[in-house]
Amino acid sequence: MLDKSRPIVVDLLADDFHERAHTIYDELRAQSPVAFAELPEQPGRGFWMITGYTASVAALRDNRLANNPRALLSPEQLAARARARIPEPPNTMLLSDPPEHTRLRRAAQQAFTPRSVTALRPTVIRHAERLLDAAEKAARNGDGTVDLLHTYAYPLSLTVLGEILGFPEAWHPGLHDLAVRAATASTPLSGPDPALRELLEGYTRDLLLLKKESPGDDLVSRLAHPESGRDALSDAELMAMIGLLVAAGFETSASLIAGATLALLTHPAQWAALRDDPELAAPTVEETMRYWGPVESATMRLAVEPLVLGDRHIERGDRVLVFPAAANRDPAHITDPHRFDIHREPQPHLGFSGGIHNCMGAALARTEVAVALTTLTARWPELRTAVDPAELRWRPGMGLRGLRRLPVRP
Ligand code: HEM
């Protein structure tokens, strides 16, 4: 059952997918935590869909599953493609395998170590306070409500990433809009939307040019002007790196801030607990990552050798897609998985993935979201949603989970 001869058809691209996702995962996992699935609109293009925790950990750690979509091409095939002038986008660390992955990750990771993130904390607090000042004013001058997602969560995450990468504040509205559109249009099954990819490339090219000409104290300047003895990346690699950091580095954190706020507001005792004890911020972030983590499904992996996952035989050339969102609610891994509870004993989760591609920005995201929540509970202790929470909807797009809006009343 649910093997390659009888794929299960799952409508992962449905508009209301996120409203139904956990029912789908639960049914599928109960039949088989590793199942062969296909989309209704892509018959014959199936992939292994992993919904169980143990199988997900195994898949994410298995080096026979490659992230580079060209991993199965031989050197001769790659040379033939080059001769035919088939454009090959430079690999990002996310779409590469060792040793290339190791080299690319090493170039940027310094900016995301716990030490670098701790140094950034006062800046995050300052921006959170400033944005809430502005939101408070807007609520007072308007109908008494604000959209917390678009006036606080997005601007905060964007501003922090802007500090790290060094992009100008004037770009924030454009990048904000781009991220929202890309989160819906690009999925691990459809790939990036070409028009949006072009738009992103415009920003990354401009940023690289800017920092080559007038370097500042930021990551892009350091990458564009490496110290002697450090590997220099090519311009194409630099652009791909900046593109990945912009694509991965603020939409996710913004969605987590909004998701955590909604989860807390719909569990008022837990909102009150966090408000009264800011030390609960870290467990709140972990529980929201488990319960409503912004990355629903990981990057597609490609089997370069046969392997076994669960009790399934994966063949060379098969595609494998891990769903951290499903794994994080596997009842074999966690008790009462559909209950949101910030007082839980901390449990490992896969919201930041696992294996060598585990999220490079995890420490930053954790700090940023914890600061966002404690600043919010301190400033607006009686916050509530401004509409019935049942009316709030998730965006379509199976790769990422994010609210469309979050109207609140301070
Ligand atoms: C709550 C916020 C975030 C979540 C939930 C998240 C989640 C993830 C996940 C699940 C992956 C791995 C995907 C896979 O295995 O296919 C990943 C990779 C990555 N993330 Fe994040 N991320 C977040 C924030 C950030 C931030 C703030 C940055 C940097 C500014 C960042 C940079 C990266 C990079 C560079 C990778 C690729 C790592 C590699 O391939 O070695 N992420 N993230």
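Residues numbered from 1 in each chain as written. Predicted model: local features only at pLDDT ≥ 70, side-chain atom pairs only at ≥ 80, totals over all residues. Heavy atoms only, no water.

Student: Give a detailed account of the overall build of the chain, specifying residues and quantitative values.
Tutor: For the chain, the count of helices and strands is 15 helices and 11 strands. Since a compact globule built from 410 residues should have a radius of gyration of about 22 Å, the 21 Å found for the chain is in line with a globular shape. By principal-axis analysis of the C-alpha atoms, the chain measures approximately 65 × 55 × 35 Å. Across the 410 residues in the chain, those meeting the buried criterion constitute 53%. (Helix = DSSP H or I, 4+ residues; strand = E, 2+ residues; numbered from the N terminus. Rg over C-alpha atoms; globule rule 2.2 N^0.38 Å. Buried < 20%, exposed > 50% of the residue type's maximum accessible area, 1.4 Å probe, protein only.)

Student: Got a sec to walk through unusual backbone geometry? Specific residues and values, please.
Tutor: The amide bond that connects P98 to the next residue, P99, takes the cis arrangement and shows omega of 5°. One can find P99 in the loop between α3 (75-83) and α4 (100-108). For D336, which is not glycine, the phi torsion reads 50° and is therefore positive. Looking at where D336 falls in the secondary structure, it is placed in the loop between α14 (324-327) and α15 (362-379). You will see that S353, though not glycine, has its phi angle at about 70°, which is positive. Of note, S353 is situated in the loop between α14 and α15.

Student: I'd like a description of the packing of helix α11 (residues 251-265) against α15, backed by residues and values.
Tutor: Orientation of α11 relative to α15, taken along the N-to-C sense of each, is 40°, at an axis distance of 10 Å. Put simply, α11 runs oblique to α15. Along this stretch, α11 crosses α15, giving a crossing that reads as right-handed. Counting all contacts with α11, which are made through S253, L256, I257, A260, T261 and L264, the residues of α15 involved are A365, E368, V369, A372, L373 and L376. Classifying every residue of the contact of α11 with α15 gives nine nonpolar, two polar and one charged. (Axes fitted to C-alpha atoms, helices over the stretch in contact; angles between N-to-C directions. Parallel < 35°, antiparallel > 145°, perpendicular 65-115°, else oblique. Left-handed = near helix turned anticlockwise from the far one by under 90°. Contact = heavy atoms within 4.5 Å. Nonpolar A, V, L, I, M, F, W, Y, C, P; charged D, E, K, R; others polar.)

Student: If you had to explain the sheet that holds strand β9 (residues 319-322) to someone new, which residues and values would you point to?
Tutor: Strand pairs in the sheet, formed through backbone hydrogen bonds, run parallel or antiparallel to each other. Reading across from one edge, β1-β2-β3-β9-β6-β4 is the order of the six strands in this open sheet, with mixed pairing throughout. Each edge of the sheet is formed by a strand with only one pairing partner; in this case those strands are β1 (8-9) and β4 (65-66). Across three bridges, the pairing between strand β3 (residues 47-50) and β9 is parallel. Across the sheet, the residue bridging to M49 is L321, located in β9. Here helix α2 (residues 53-61) sits on the sheet in contact with β2 (34-38), β3, β4, β6 (301-303) and β9, set at roughly 125° to β9. (Pairing = 2+ DSSP bridges.)

Student: Requested: an account of the environment of V295, with residues and values cited.
Tutor: Positionally, V295 belongs in the loop between α13 (281-292) and β6. For V295, a relative accessible area of 27% corresponds to the partly exposed category. Separated by 40 residues in the primary sequence, V295 and S255 place their C-alpha atoms 9.6 Å from one another. Residues contacting V295, with those up to four places away along its chain left out, are T252, P324, A325, G351, G399 and L400.

Student: Explain the nonpolar core to me, using residue names and the numbers behind them.
Tutor: Counting residues in each nonpolar core, the largest one holds 87 residues, and the members touching the most others are Y152, L156, I164, L165, L219 and L406. The greatest single-element share of this core, amounting to 11 residues, is contributed by helix α6 (residues 148-165). (Core = buried A, V, L, I, M, F, W, Y, C linked by side-chain atoms within 4.5 Å.)

Student: Give a detailed account of the packing of helix α5 (residues 114-141) against α6, specifying residues and quantitative values.
Tutor: Here α5 crosses α6 at 145°, and the two axes come no closer than 10 Å. Crossing hand, α5 versus α6: right-handed. Together, L120, T123, V124, R126, H127, A128, R130, L131, L132 and A135 of α5 and T151, Y152, P155, L156, T159, V160, E163 and I164 of α6 make up the contact between the two elements.

Student: Got a sec to walk through the side chain of R401? Specific residues and values, please.
Tutor: Mapped onto the elements of the fold, R401 is located in the loop between β10 (384-385) and β11 (407-409). Residue classification places R401 among the buried residues on the basis of a relative accessible area of 3%. For R401, the side chain forms a polar contact with the main-chain oxygen of H18, separated by 3.3 Å. (Polar contact = N/O pair within 3.5 Å; in protein donor to acceptor, adjacent residues only side chain to side chain.)

Student: Tell me about the site of the ligand, and name the residues and values.
Tutor: Taken together, 30 residues form the shell around the ligand, and within it H101, R301, S353, H357 and C359 come nearest. Side-chain polar atom of R105 to an oxygen atom of the ligand: 2.7 Å apart, as the coordinates give it. In the model, an oxygen atom of the ligand is placed 2.7 Å from a nitrogen or oxygen of the T299 side chain. Considering every element that reaches the shell around the ligand, the biggest residue donor is helix α10 (residues 235-249), with four residues. Along the lines of polarity and charge, the residues of the shell around the ligand split into 18 nonpolar, 10 polar and two charged. (Near = heavy atom within 4 Å.)

Student: Just give me the short version of the coordination of the iron atom of the ligand, but keep the residues and values in it.
Tutor: Looking at the iron atom of the ligand, one finds just one donor atom contributed by the protein, C359 (SG), at 2.3 Å. On the secondary structure map, C359 appears in the loop between α14 and α15. (Donors = N, O, S within 2.8 Å, 3.2 Å for Na, K, Ca; no water.)

Student: Outline the pairing of β9, listing residues and values.
Tutor: Burial along β9 is two-sided: the face carrying R319 and L321 and the face carrying V320 and V322 are both buried. Where β6 meets β9, two bridges bridge the pair, whose relative direction is antiparallel. The partner of L302 across the bridge, within β9, is R319.

Student: Break down helix α1 (residues 17-31) for me, citing the residues and quoting the values.
Tutor: If you check α1, its first and last C-alpha atoms are 20 Å apart, about what 15 residues at 1.5 Å a residue would give, namely 21 Å. The largest bend in α1 is about 25°, located at T23. For α1, the set of buried residues is F17, H18, A21, H22, I24, Y25, L28 and R29. Tucked inside the fold, the buried residues of α1 contact β1, β2, β3, α13 and α14. (Expected span 1.5 Å × (residues − 1). Bend = angle between axes of the 7 residues up to and from the residue.)

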